[in-house]
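# Commentary on secondary and tertiary structure
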Amino acid sequence: IKPSDTVTLSLGRQNISYDDPILLGPKNYSRLEENFDALKLRIRYKVINWVEFFVCSKPTKSQLFRGNVYLAGIFNHMYLGKYMKNFNLYLVTRFSSLRNTKPIIALGFKASSRISNFDYRIASIIQYEQGKISSEYNIELGYILTLLITEPRVSLIFAGSTEKYKKLYPNMNKWLGYINTYSRKNVKSTSIQINSKIISWFRAKIDLTYLKRNFKP
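So, here's what we can say about the structure. Note that this is a predicted model, so its numbers are computed, not measured. (Residues numbered from 1 in each chain as written. Predicted model: local features only at pLDDT ≥ 70, side-chain atom pairs only at ≥ 80, totals over all residues. Heavy atoms only, no water.)

Whether parallel or antiparallel, the strands of a sheet pair through hydrogen bonds between backbone atoms. The strand order across the open sheet formed by 11 strands is β1-β2-β3-β4-β5-β6-β7-β8-β9-β10-β11, and the pairing between neighbours is antiparallel. In this open sheet, the two edge strands, each paired with only one partner strand, are β1 (7–14) and β11 (202–213). Taking each pair of neighbouring strands and ignoring which way they run, the sheet shows an average axis angle of 10°. Relative to β11, strand β10 (residues 187–199) is paired through 12 bridges, and the arrangement is antiparallel. Directly across from Ile-192, in β11, lies its bridge partner Leu-208. (Pairing = 2+ DSSP bridges. Helix = DSSP H or I, 4+ residues; strand = E, 2+ residues; numbered from the N terminus. Axes fitted to C-alpha atoms, helices over the stretch in contact; angles between N-to-C directions.)

This part covers the environment of Leu-208. With respect to the helices and strands, the residue Leu-208 is situated in strand β11. When the C-alpha positions of Leu-208 and Ile-192 are compared, they lie 5.3 Å apart, and in sequence the two are 16 residues distant. The contacts of Leu-208, once residues within four sequence positions are left out, are Thr-190, Ser-191 and Ile-192. (Contact = heavy atoms within 4.5 Å.)

Formed by 14 residues in total, the largest nonpolar core has its most connected members in Ile-16, Phe-54, Cys-56 and Phe-75. Mapped onto this core, the elements with two or more residues apiece are β2 (36–45), β3 (49–57), β4 (69–78) and β5 (86–96). (Core = buried A, V, L, I, M, F, W, Y, C linked by side-chain atoms within 4.5 Å. Buried < 20%, exposed > 50% of the residue type's maximum accessible area, 1.4 Å probe, protein only.)

Topologically, Asn-88 is positioned in strand β5. On the accessibility criterion, Asn-88 (6% relative accessible area) is buried.

Here we take up the pairing of strand β7 (residues 118–129). Bridge count between strand β6 (residues 104–115) and β7: 11 bridges; the pairing is antiparallel. Bridge pairing links Leu-107 to Ile-126 in β7. Taking the residues between adjacent antiparallel strands as the criterion, β7 and strand β8 (residues 132–144) are bridged by 2 residues, where Gln-130 takes a positive phi near 50°.

With that out of the way, let us pick up the pattern of salt bridges. Applying the stated criterion across every chain, the model contains 5 salt bridges. Asp-37 is the salt-bridge partner of Arg-13, the closest N and O atoms lying 2.8 Å from each other. One end of the pair, Arg-13, is in strand β1; the other, Asp-37, is in strand β2, and 24 residues separate them in sequence. Judged by relative accessible area, Arg-13 falls into the exposed class, the value being 55%. Judged by its relative accessible area of 29%, Asp-37 falls in the partly exposed class. Because the salt bridges share partners, they merge into one network encompassing Arg-114, Asp-119, Glu-140 and Arg-153. (Salt bridge = Lys/Arg side-chain N within 4 Å of Asp/Glu carboxyl O.)

This paragraph deals with the side chain of Ser-113. Mapped onto the elements of the fold, Ser-113 is located in strand β6. A polar atom in the side chain of Ser-113 sits 3.5 Å from the backbone nitrogen of Lys-85. Those residues within four positions of Ser-113 in sequence are excluded, and the remaining contacts are Lys-82, Tyr-83, Met-84, Lys-85, Phe-118, Asp-119 and Tyr-120. (Polar contact = N/O pair within 3.5 Å; in protein donor to acceptor, adjacent residues only side chain to side chain.)

Quick look at the structure:
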């Protein structure tokens, strides 16, 4: 439903993806499409900026998303100039009808931009649950070496999360790699990546990642 050029209302089973999708979206390691039962209201302002209010839940039960689990929140996307072309700010709560399940409130942001050969991504989420605060962070710095024939992009990636951090939804994003498919608790990661063009239709990628997770005895 589109009552005006700046307002869009969506209701029903649909795809949802927020923040690449560090916050919410499909598992991009799977070929199976994922849908949500959702209500979304998007309002555009200043041409390219928009804010979206949403409530959603998974339509089917799964091992990771059992029972009636819902996500509701507000997601705001802004353009803040050439040094911060993408800035996302969001407030999300997860609640459930399951017994002994407490709501989780999450406040997060992501800033990213490309400035000539340099690009960056910085993101962080702070969670509140039962009087306890947890968090995670993701930082990526990249540079394209245009002086070389293959024009490789070299990037440094840092990521980490506290012991009590919980994923609002079991998705996967680019920062923490394979371990992120099942958990982001108490993890610290440092990566060096080189992505280079070999020929016009073929690229090669080297990824050296150090992951650390502290377990209590």
